[in-house]
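Summary of structural features
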Amino acid sequence: MSMSPSPSADQPPVDARTAYTERLDLPWWLWLAGLVAAALLAVEIWMGAPGVRSWLPFAVLLPLTAVGLWWLGRIRVAVVGSELRVDDARLPVRFVADVVPLDVAGRREVLGVGADPLAFVVQRPWIGGAVQVVLDDPADPTPFWVVSTRHPVELAEAVLAARDALALSGPANEQG
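Everything in this summary refers to the structure shown in the same document. Predicted model only: the values in this text are computed from it and were never measured.

All right, on to the overall build of the protein chain then. For the protein chain, the helix and strand inventory stands at 4 helices and 8 strands. From first element to last, N terminus to C terminus, the protein chain shows the α and β order β-α-α-β-β-β-β-α-β-β-β-α. Each of the 176 residues in the protein chain was classed as buried or not, and the buried ones make up 32%. Taking as baseline every contact in the protein chain between residues at least 6 positions apart, the subset at least 24 positions apart corresponds to 66%. Entry remark: accessible area of the protein chain is about 10,800 Å², with carbon and sulfur atoms responsible for 64%.

Below, the structure written as structure tokens:
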């Protein structure tokens, strides 16, 4: 019998080639605010009415709110092998020209009034940091990706390390 710890249910399986992984989940206070707002709405609908109206708003609104909050925090960001993965999107690191870690002000500037409409953006307002991944792919009109992250420097280093490792391994492994 092996004494190695088993992975927990809330963490994704870690690939041997995974350099970075993060889930963009909601902080506890947003869960609390959302569920309190749903409970207040259920109380407003109930307002002392007898019968089905006494329990139905709570039975419907609270679970729907919980599912909605879970859905908002489902996005995963990972650097696996030679790819940057953001939810279902995949970016081979061979097309990465540079990665710029952004703080709150930098993210606001990149996504502000002069933002490029062709950019790929996965932004979560409750997460302050982000990275800007500048692309070098003549066949793709997307100039860059902007991805929210709680650890912009670590994600930038992981993407650049994967790109550099791919460049060192040669063109034989670029299909990976």
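Either a parallel or an antiparallel arrangement is found when strands of a sheet pair, and the pairing is made through backbone hydrogen bonds. If you walk across this open sheet you meet the 4 strands as 5-7-8-6, and the pairing is mixed. The sheet is open, and its two borders are formed by strand 5 (96-102) and strand 6 (120-122), each paired with just one other strand. Strand-to-strand twist across the sheet, computed as the mean angle between neighbouring axes with direction ignored, equals 10 degrees. Of the strand pairs in this sheet, strand 6 and strand 8 (residues 144-148) are connected by 3 bridges, and their pairing is parallel. Across the sheet, residue Val121 finds its bridge partner in strand 8, namely Val146. Helix-sheet contacts for helix 4 (residues 152-169) involve strand 5 and strand 7 (130-135), and the interaxial angle to strand 5 is about 170 degrees.

To continue, consider helix 2 (residues 52-72). Here helix 2 is 21 residues long and its end C-alpha atoms lie 30 Å apart, about the 30 Å a rise of 1.5 Å per residue gives. Along helix 2, the residues that are buried comprise Pro57, Thr65 and Leu69. Buried residues of helix 2, viewed axially, fall in a sector of 60 degrees; they line one side. For helix 2, exposure combined with an orientation more than 90 degrees from the buried face picks out Leu64 and Val67. Residues of helix 2 that are buried sit in contact with helix 1 (28-46).

Here we come to the packing of aromatic side chains. Under the counting rule described, the total for this entry stands at 2 aromatic pairs. Judged by centre distance (4.3 Å) and plane angle (45 degrees), the rings of Phe120 and Trp145 are tilted. With a gap of 25 residues between them, Phe120 in strand 6 and Trp145 in strand 8 connect regions that are remote in the sequence.

A few words on the environment of Thr18. Structurally, Thr18 is set in strand 1 (residues 18-23). Separated by 140 residues in the primary sequence, Thr18 and Ala158 have C-alpha atoms spaced 9.3 Å apart.

Spatially, the 4 strands line up as an open sheet ordered 1-2-3-4, and their pairing is antiparallel. Edge positions in the sheet fall to strand 1 and strand 4 (89-92), since each of these pairs with one other strand and no more. Between one strand axis and the next, the sheet turns by 10 degrees as a mean value, whatever way the strands run. Bridge count for strand 1 against strand 2 (residues 76-80) is 5 bridges, and the pairing is antiparallel. Bridge pairing links Thr21 to Ala78 in strand 2.

Rules used in this analysis
Residues numbered from 1 in each chain as written. Predicted model: local features only at pLDDT ≥ 70, side-chain atom pairs only at ≥ 80, totals over all residues. Heavy atoms only, no water. Helix = DSSP H or I, 4+ residues; strand = E, 2+ residues; numbered from the N terminus. Buried < 20%, exposed > 50% of the residue type's maximum accessible area, 1.4 Å probe, protein only. Contact = heavy atoms within 4.5 Å. Areas by Shrake-Rupley, 256 points an atom, 1.4 Å probe, with all protein chains shown as cover. Pairing = 2+ DSSP bridges. Axes fitted to C-alpha atoms, helices over the stretch in contact; angles between N-to-C directions. Expected span 1.5 Å × (residues − 1). Arc of directions from axis to C-beta. Phe/Tyr/Trp six-rings, centres within 6.5 Å; stacked < 30°, edge-to-face > 60°.

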